[in-house]
Amino acid sequence: MSLLRIRNLSVDFQTSGGLFRAVDSVDLEVNAGDILAIVGESGSGKSVSMLAAMGLLPWSAKVTADEISFDGTDLGGLRGSARRKLIGRDMSMIFQEPMSSLNPCFTIGFQIKEVLRQHLGLKGSAATDRAIELLDMVGIPDPARRLSAFPFQLSGGMNQRVMIAIAIACTPRLLIADEPTTALDVTIQAQILELLTGLQAETGMGLILITHDMGVVAETAERVSVQYAGQKVEEQPVIDLFDRPQHPYTAALLAALPERATERRLPTIPGAVPGAFDRPQGCLFSPRCRYADETCRTVAPPVQSAALGWARCHYPLSATEGVIAEETAQ
Amino acid sequence: MLRFFLSRLLTFIPTFIGVTLVSFAFIRLLPGDPIIVMAGERGLTDERYAELQEKFGFDRPLAVQFWEYLTGVVQGDLGESFVTNRPVWDEFFALFPATLELSICAIIIAILLGIPAGVIAAVNRGKFFDRALMSTALVGYSMPIFWWALLLIIVFSGNLGWTPVSGRIDLLYFFDDVTGFMLIDSLLSGQDGAFRSAARHLILPSIVLATIPLAVIARQTRSAMLEVLSEDYIRTARAKGLSSGRVNGLHALRNAMIPVITVIGLSVGTLMAGAILTESIFSWPGIGKWMVDSIFRRDYPVVQGGLLLIALIVMLVNLIVDLLYGLINPRIRHRE
Ligand SMILES: Nc1ncnc2c1ncn2[C@@H]1O[C@H](COP(=O)(O)OP(=O)(O)OP(=O)(O)O)[C@@H](O)[C@H]1O
Ligand SMILES: [Mg+2]
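Worth saying up front: this structure is predicted, and the values here are computed from it rather than measured. Per chain, residue numbering runs from 1 following the sequence as it is written. Labels are handed out in written order, letters beginning with A for the chains and numbers beginning with 1 for the ligands. Local features are withheld for residues below a pLDDT of 70 in this predicted model, meaning they are given only at 70 or higher, and side-chain atom pairs are given and counted only at 80 or more; totals for whole chains, interfaces and linings count all residues. Side-chain measures here rest on the full set of heavy atoms in the structure, leaving out hydrogens and waters.

**Q** So what's going on with the overall build of chain A? Which residues, and what values?
**A** If you tally the helices and strands in chain A, you get twelve helices and eleven strands. Computation of the radius of gyration draws on C-alpha atoms alone. For the globule rule, the value is 2.2 Å times the number of residues to the power 0.38. For chain A, whose C-alpha radius of gyration is 21 Å, the value lies close to the compact-globule estimate of 20 Å for 330 residues. The dimensions of chain A, computed from C-alpha atoms along their principal axes, are 70 × 45 × 40 Å. Per-residue accessibility, obtained with a 1.4 Å probe over protein chains only, is compared with the maximum for each type, and a residue is labelled buried under 20%, exposed over 50%, and partly exposed between these values. Classification of the 330 residues of chain A by burial places 54% in the buried group. The contact criterion used is simple: two residues touch if any of their non-hydrogen atoms lie within 4.5 Å. Put simply, 64% of the contacts in chain A that link residues at least 6 apart link residues at least 24 apart. Surface accessibility of chain A: about 14000 Å² in total, with carbon and sulfur atoms responsible for 52%. Separation of charge centres in chain A, based on 29 positive and 37 negative side chains, amounts to 7 Å. Only DSSP runs of H or I reaching four residues or more are called helices, and only runs of E reaching two or more are called strands; each is numbered from the N terminus. Each accessible area is a Shrake-Rupley estimate made with a 1.4 Å probe; only the visible protein chains count as cover when residues are assessed. Counted as positive: Lys and Arg. Counted as negative: Asp and Glu, with His and the chain ends omitted from the count. In this description, the location of a charge corresponds to atom NZ of lysine, CZ of arginine, CG of aspartate or CD of glutamate.

Have a look at this one:
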C-alpha cells in the first residue's frame, strides 16, 4: 500500500481577480522507502500541492481531489483531531522559508519540545535530552545552549536546521522537504542532504524532496516528478529522466544545468511560467516550447503512457527522436 | 533594560514642561475671570478686585506667573485651591483612589472581554460572529458616552432597579478609608452588605468607562490576530499537529499581543478623558468630577495641577506598558 497517494488534485486560490488555479489535476504516489523529487520553476505549484496534502493551505485555497490518502487513510475525510495525530508525527514537512517559519516569541527549545510532548508525551528532562540529540543530529554546534535561543538570534541556515529537527522529531513515516537547502551554503547543503537521505535509509521513511536543483535531484532522488504551471508534466525514474526526458520542458530544465549547457542548445528557458491571467489555451508550455505547433497551442495535451514518462505532451521527445537529432545536428 | 528605562525617564522632562505649559495656558484661554466667578452674584468692588488680583498674582505678566508656577511644581508645590484653600496635592490624593478603582475595573472589563472577542472574531473571520462582533464594536466606539450612560441608567436603574444611580456606596454604610478602594475597604469593614453595595455602585460606571477601550482592544486584537494568523510560523504550529486552541491561543495570540499591549497603554489616556464624563454623570467622587467642577469654578491651581498629574499618570502607565512590551517581545528584551 502506498504511503501517500494523491489523485487528480487541484487547488484554486480566491484572489481579487477571481479564482487562480495553482495546482491542476496532479497525481502523485510515494511508497515507504521512496525518494521522490518534485522539480519545476518557481510558481509551478510544488509547495502548494504538498501543503494541500498536509492540510495546511490558508482559507483562501479551495482543494479538490479524487483522493488524498496516507497509508490507506483518506485524509480528506479525516476529522480535526484524528488528522492532528497524524500531521507532525507520521507525516511532516520542512518548509521553504526558514527565517519566518519559527515563532519569534518562543525559544528554539520550546518549539522542539512542544512537538515531542504533543505526539510522544515526552516532558521535562527526557524532552530536553531528545531536543539536544535532535539539534546535534542536524549539525547545530553547542546544542544545549541553543535551546534557550530565539529564532532571530540564529542565522537562516541554523533556523532551517531547527525546522528539520522539528520535522524529524517523531521519526515520521513520510517527510516532505520543501527546498530544505536553499538557505544554506554549499557544504552545509551536502551535509543536510546526507542527513535526510541517511535518515531515510535508516528508518525506511518516504521522502519527498522539492527542489529547483537538478544536481540535487541527480544525487539523491530515485524518481522525479516535473511540474509546470500547476500541472505534472512528466514523471520518471531519475536515471531515465536524465537519459531520455520525454517532455520538452524537462529537456529544457536539464539543458539549463551548467555541465550540460555545452551539450544542448537551451542554456536558459526563454519566457516565464504563465500566471493567472495569461494562461495559454492548449498546452501550458506551448508559448515557450520550441517544438510547439498549432495543435499544441489549441488542444490540451493528453497524458502519455508510463513508457513515455507520463508526459503531458502531444509530441513526447522519444516519439519524435529523429526530428531532434536532425535539429541538434544543424 | 535599565538603560532603556532611564532613557525613557529622560524624555519625560520635556514632556513634563510642555504639559505644564499647556495646562497653564488652557485654563487662562477659557473666557471668565476666576475672581469674578468666585465672587458670584454679590459682585465686588474695584479695590477688593485689585487686592485679590495681587493676592493670586494675576497682576503680574503671564511669563512671570508661569515661571513661578513651574518652579513651584518642580519643588512639588502645586499650589492651593482658590475655593477650598487646601493644597492641590491633598485634594488629589483624597479623590484619586476613586478614579483608580473605577479605571482599573473598566480596563479589566475591557481586556477580559476585548481580547477573547478579538481572537474569536479573527479565527472566524467573515462569519456571523465576526461580523456581529465588529459591528457591535463600531457602535460601542462611536456612541457618545453620556448617551450610553443615560441609556444604561434608564434600563438598569430606572426600569429594572438593579443598580443605584450615583455615588460609590449606600449612605447607610460608613467606615474608614484604608486603601481608598471601596471594594476592598467595604470587605475590610466587615459590615454586612457593604461590599455588595459598593459593587453595585461600581458596575454601571465601569461598564460605561470600559466601552470605548473594549471596542478598541477587540478591534486591535482582531486585526493583529488576522495578520499573525497568515504568518509562516502559524503554519508551522499547525504542521506540528497542535490543537487549534494552542495554535490560536498561544502561538498566534502571543505575537498578536505585542501591538495590543500598545493599544491598551494608549487607551489609558482615553480612559482618563472618559473618566471625566463618566464621573460627572454618575456623581462619582473622583478626579474627573473634581476637574470638571474646578473648571466651572475657574479654580486655576486645581485645574493646572490636576491636568499635570493626570498627564503624569498617563506617561507613567505608558512607561510601564513599554516595559511590559519588552517582556513580551523577546526581540526588544534581547537587544544589546
Ligand atoms: N496564499 C496564496 N494565495 C494566492 N496565490 C498563491 C498563494 N500561495 C501560492 N500561490 C500561488 O500559487 C502558485 C504556486 O505557488 P507555489 O508556492 O506552490 O510555487 P512553487 O512551485 O513552490 O515555487 P517556488 O519554487 O518559488 O517555491 C504561485 O503562482 C503562487 O503565486
Ligand atoms: Mg515553493
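**Q** Could you give an account of the coordination of the magnesium ion (ligand 2), with specific residues and numbers?
**A** Residues and elements named next belong to chain A. Only nitrogen, oxygen and sulfur atoms count as donors, using a 2.8 Å cut-off from the metal that widens to 3.2 Å for Na, K and Ca. Water is left out, so coordination shells may look unfilled. The magnesium ion (ligand 2) binds to the protein through Ser47 (OG) and Gln96 (OE1); the donor distances cover 1.8 to 2.2 Å. One end of the pair, Ser47, is in helix α1 (residues 46-54); the other, Gln96, is in the loop between β7 (91-94) and α3 (108-120), with 49 residues separating them in the sequence. By relative accessible area, which is 18% here, Ser47 ends up buried. Since its relative accessible area comes to 27%, Gln96 is described here as partly exposed.

**Q** Outline the sheet that holds strand β3 (residues 35-39) of chain A, supporting the account with residue identities and numerical values.
**A** Residue and element names in this part refer to chain A. By the convention used here, strands pair only if DSSP detects at least 2 bridges between them. The strand order across the open sheet formed by six strands is β7-β8-β9-β3-β10-β11, and the pairing between neighbours is mixed. Pairing within the sheet leaves two strands with one partner each, and these edge strands are β7 and β11 (231-237). Sheet twist, expressed as the mean angle between neighbouring strand axes with direction ignored, is 15°. In this sheet, strand β9 (residues 206-211) lies alongside strand β8 (residues 174-178) in parallel orientation, the contact comprising five bridges. Of the residues in β9, the one forming a bridge with Leu175 is Leu207. The sheet contacts of α1 involve β3, β7, β8, β9 and β10 (223-228), and relative to β7 the element is tilted by about 150°. Running over the sheet, helix α6 (residues 156-168) touches β7 and β8 and is turned about 175° from β7. For every element, the axis is a line fit to its C-alpha atoms; helices are fit only across the contacting stretch, and the angle between N-to-C directions ranges from 0 to 180 degrees.

Remember, this is a structural readout, not a statement about activity or role.
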